[in-house]
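# Examining the three-dimensional arrangement
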Amino acid sequence: MATRLQSRPLCQAGRASAGELATGGAAGAHGPWRPGPLQDETLGLASVPSQWRGVQGVRGETSCQTASIATADAGTQGRKREDAQVQTEAPVRPAPPVPRPDEPRLLAFLRRVEPAVTRELSRNWQSHAFDGFEVTWTEPQQTVTCLHTLGYPPAQGQGLHVTSVSWNATGSVLACAYGRLDDGDWSTLKSYVCAWNLDRRGLHPQQPSAVVEVPSAVMCLAFHPTQPSQVAGGLYSGEVLLWDLSRREDPLLWRTGLTDDTHTDPVCQVVWLPEAGHSHRFRLLSVAPDGKVLLWQGGGTGPLQLREGFALAMQQLPRSARLRKPPRGETEVGATAVALSSFDPNLFILGTEGGFPLKCSLAAEEAALVRTPSSVPLRAPARFAFSPQGGPIYSVSCSPFHRNLFLSAGTDGHAHLHSALQAQPLASLRLSQQYLFAVRWSPARPLLFAVASGEGAVQLVDLQRSSQKPAVSVSQTQDGSPVYCLEFNKQQPQLLAAGDAKGTVKVWGLSTALTEQGPREMEDLDRLAAEVAPEGDGAAGCVGQV
Amino acid sequence: MIRKTEVEETLKRIQSHKGVIGTMVVNAEGIPIRTTLDNSTTVQYAGLLHQLTIKAKSTIRDIDPQNDLTFLRIRSKKHEIMVAPDKEYLLIVIQNPCE
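Below or above, wherever it landed, is the structure these notes cover. Being a predicted model, the structure only gives us computed values, none of them experimental.

In terms of regular secondary structure, chain A is built from 5 helices and 29 strands. Here chain A, with 546 residues, has 46% of them falling under the buried criterion. Here the contacts in chain A between residues at least 6 apart in sequence split such that 53% fall between residues at least 24 apart. A total accessible area of about 31300 Å² is found for chain A, and carbon and sulfur atoms account for 52% of it.

Structure representation (structure tokens):
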């Protein structure tokens, strides 16, 4: 409030009337109005009615509420309880009875559809509509990559080589055997059999999921074809052992022991053979350079029993072998590799130290000439001898797509493609300046095979692209130490495992071009098998010069 | 039988066409009645193609109830399968076409 210049009796605030205040309060008391000094005034309210807004809406308030909701509680409990389990069983399918078809109606049906079907068949035969049409269902992989590098440090520390790899029946476990391939002497070297489960999440490349210590060097390994955890191995001492990798405490199931029956030389290869008649039971076949091919069967407790045996003697080989040296005495023919034919259960191919593959039969009857007798009569299995190569054969492999074709590879650095019907090889490919240690047909593509070379490379040869040089060559070792073994995974054909002299096993993932069959591959394979190699002087040219 | 029945002759004519790998006749329940392939392959083809033919027929009928399935062909990388359907029987022919 502003100050006043003249003094007046103080009047109570808020009591003064509006008129008095409007005139400054001085008019009534002190004579005619004169403009007074500056004073504070409070004017009354002035209301201005709205011209555009009508009557304000009527407002009212009410409230409502639902009637109370009735709730009730009740409890129940079952008194009796029953448990039941349901499981489906694989249905045993009885052979469905062939229904007697109504012949007239069947005939009428065939008469109706035959013209349409014949028309479509002949039109399809001439059609070019789908030439070159291909569908890609999966993302194609372009290159060969190394998926895993596995090793067992204690074995690598001892300088052991990987002598053999094997995939199990389900394709998820890879086992490798350690030993030495360059020892000529008896050795008391302890070695290992290691297994990795590649489908498990916590895969540690240096820690195998199962390790078995073996008192002697293991030369070969083979997983059981249907039991995923049983694996058989052949030792340097000539024994054949069977392990079950799912048993932690004592994996050894059966062993042959060192008896008169067992091999006297290191076992080069073991394979599982289906038993005739019982296709779910298997027997073990082992080959060794002492000339014996033995068939073992595990039964109950105790050692592996020798069921049948074969012995190779030089004089009993078929005449077709063009052998340089005339046989003298009872010379044994050492067997270094074996392959079973996928089409004929009685047929197997042996690779020998002399460099000639042999076609053998399990059903042979003739008794073998052996120096030492054995508990089971040994027979001479050889039916046909192929022409010799330049040196011992280290590996043979029968084609899973054609009954007559097989490959053999050895120290002459060539991979020879043979037909079982003739002595000369169909083709010989020079793949390495050094030895070839393993050859395997691909389980997915009829014209593809892989070789492991002494230069440390895994080579894949595609006979469709070029029959002179490999399609893909990947080097496994940095310093050129040899690759000793390789195996395709039959359940996942894009996986190829290879073991080398450094003690590492590498799992290679193949490109799509190497795993998918082309449209005409089977026909090309049949055509290849039907070729006849040149006769006469060509024979000397095919034999490798050492 | 000295004289082959006409059914066998008709099937033999179809089988001898160029590129034909196998021929079979399947009844309405999916049971093979006549076949030129081995038993396990025949049973597999018969069961699978019978179901596929029923599905194809219902597809055509669902799209247009006035329409019906007359012929079914499946082309794969290796060969072509042709199915001639009928009320009671199914004729399946597998051909390896010339590429």
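One open sheet holds the 5 strands; their spatial order is 2-1-5-4-3 (chain B), and the pairing between them is antiparallel. Every interior strand has two partners, whereas the edge strands, strand 2 (32–35) and strand 3 (72–75) of chain B, have only one. In this sheet, neighbouring strand axes are inclined to one another by 15° on average, regardless of whether the strands run parallel or antiparallel. Sheet analysis places strand 1 (residues 20–27) of chain B next to strand 2 of chain B, joined by 3 bridges and oriented antiparallel. By the bridge assignment, Met24(B) is partnered in strand 2 of chain B with Thr35(B). Packing of helix 2 (residues 103–126) of chain A onto the sheet brings it into contact with strand 1, strand 2, strand 3, strand 4 (80–85) and strand 5 (89–95) of chain B, and relative to strand 5 of chain B it is tilted by some 30°. Helix-sheet contacts for helix 2 (residues 39–63) of chain B involve strand 1, strand 2, strand 3, strand 4 and strand 5 of chain B, and the interaxial angle to strand 5 of chain B is about 115°.

All names here are of chain A. Strand order in this open sheet of 4 strands is 19-20-21-22, and the pairing throughout is antiparallel. In this open sheet, the two edge strands, each paired with only one partner strand, are strand 19 (393–398) and strand 22 (427–430). In this sheet, adjacent strand axes meet at a mean angle of 20° when their direction is disregarded. Note: strand 20 (residues 405–410) against strand 21 (residues 414–419), 5 bridges, orientation antiparallel. Its bridge partner lying in strand 21, Leu405 is registered against Ser419.

What follows deals with the interface of chain A and chain B. Contacts between the two partners involve 29 residues from chain A and, on the opposite side, 35 residues from chain B. Summed over both sides, the interface between chain A and chain B buries roughly 3100 Å², with carbon and sulfur atoms accounting for 62% of that surface. If you sort the residues of chain A by the area they bury against chain B, Leu121(A), Asn124(A) and Trp125(A) come out on top, with a joint share of 23%. Summed over the shared surface of chain A and chain B, the result is 5 salt bridges. Where Glu88(B) meets Arg105(A), a salt bridge forms, and the shortest distance between an N and an O atom there is 2.6 Å. For the pair chain A and chain B, the interface holds 10 residue pairs in polar contact (both at pLDDT 80 or more). At 17 residues, helix 2 of chain A tops the list of elements feeding residues into the side of chain A that touches chain B. Class assignment of the residues belonging to the side of chain A that touches chain B gives a composition of 12 nonpolar, 5 polar and 12 charged.

Before going further, it helps to spend a moment on the pattern of salt bridges. What the rule picks out here adds up to 17 salt bridges over all chains. For the salt bridge of Arg73(B) with Glu80(B), the shortest nitrogen-to-oxygen distance reads 2.7 Å. Taking the relative accessible area as the measure of exposure, Glu80(B) reaches 3% and is therefore buried. When salt bridges that share partners are traced, they join Glu120(A), Arg123(A), Arg73(B), Arg75(B) and Glu80(B) into one network.

All names here are of chain A. Within the largest apolar cluster, 20 residues are counted, with the highest numbers of intra-cluster contacts made by Val293, Leu312, Val338, Phe348, Leu350 and Leu358. For this core, the secondary-structure elements that each account for two or more residues are strand 10 (269–274), strand 11 (282–287), strand 12 (292–297), strand 14 (335–340), strand 15 (347–352), strand 16 (358–361) and strand 18 (382–385). Beyond its immediate stretch of four places on either side in the chain, Leu350 contacts Val287, Val293, Leu312, Ala335, Ala337, Val338, Phe356, Pro357, Leu358 and Cys360.

Further remarks concern the side chain of Thr504(A). Residues and elements named next belong to chain A. Topologically, Thr504 is positioned in strand 29 (residues 504–509). Since its relative accessible area comes to 17%, Thr504 is described here as buried. Here Asp500 takes part through its side chain, which lies 3.0 Å from a polar atom of the side chain of Thr504. If we ignore the near neighbours within four places in the chain, the residues touching Thr504 are Thr149, Leu150, Gln156, Val162, Gln476, Ala498 and Gly499.

Analysis parameters
Residues numbered from 1 in each chain as written. Chains lettered and ligands numbered in written order. Predicted model: local features only at pLDDT ≥ 70, side-chain atom pairs only at ≥ 80, totals over all residues. Heavy atoms only, no water. Helix = DSSP H or I, 4+ residues; strand = E, 2+ residues; numbered from the N terminus. Buried < 20%, exposed > 50% of the residue type's maximum accessible area, 1.4 Å probe, protein only. Contact = heavy atoms within 4.5 Å. Areas by Shrake-Rupley, 256 points an atom, 1.4 Å probe, with all protein chains shown as cover. Pairing = 2+ DSSP bridges. Axes fitted to C-alpha atoms, helices over the stretch in contact; angles between N-to-C directions. Buried area = accessible area lost by both parts, 1.4 Å probe. Salt bridge = Lys/Arg side-chain N within 4 Å of Asp/Glu carboxyl O. Polar contact = N/O pair within 3.5 Å; in protein donor to acceptor, adjacent residues only side chain to side chain. Nonpolar A, V, L, I, M, F, W, Y, C, P; charged D, E, K, R; others polar. Core = buried A, V, L, I, M, F, W, Y, C linked by side-chain atoms within 4.5 Å.

Such coordinate-based values are descriptive only and should not be taken to indicate function.
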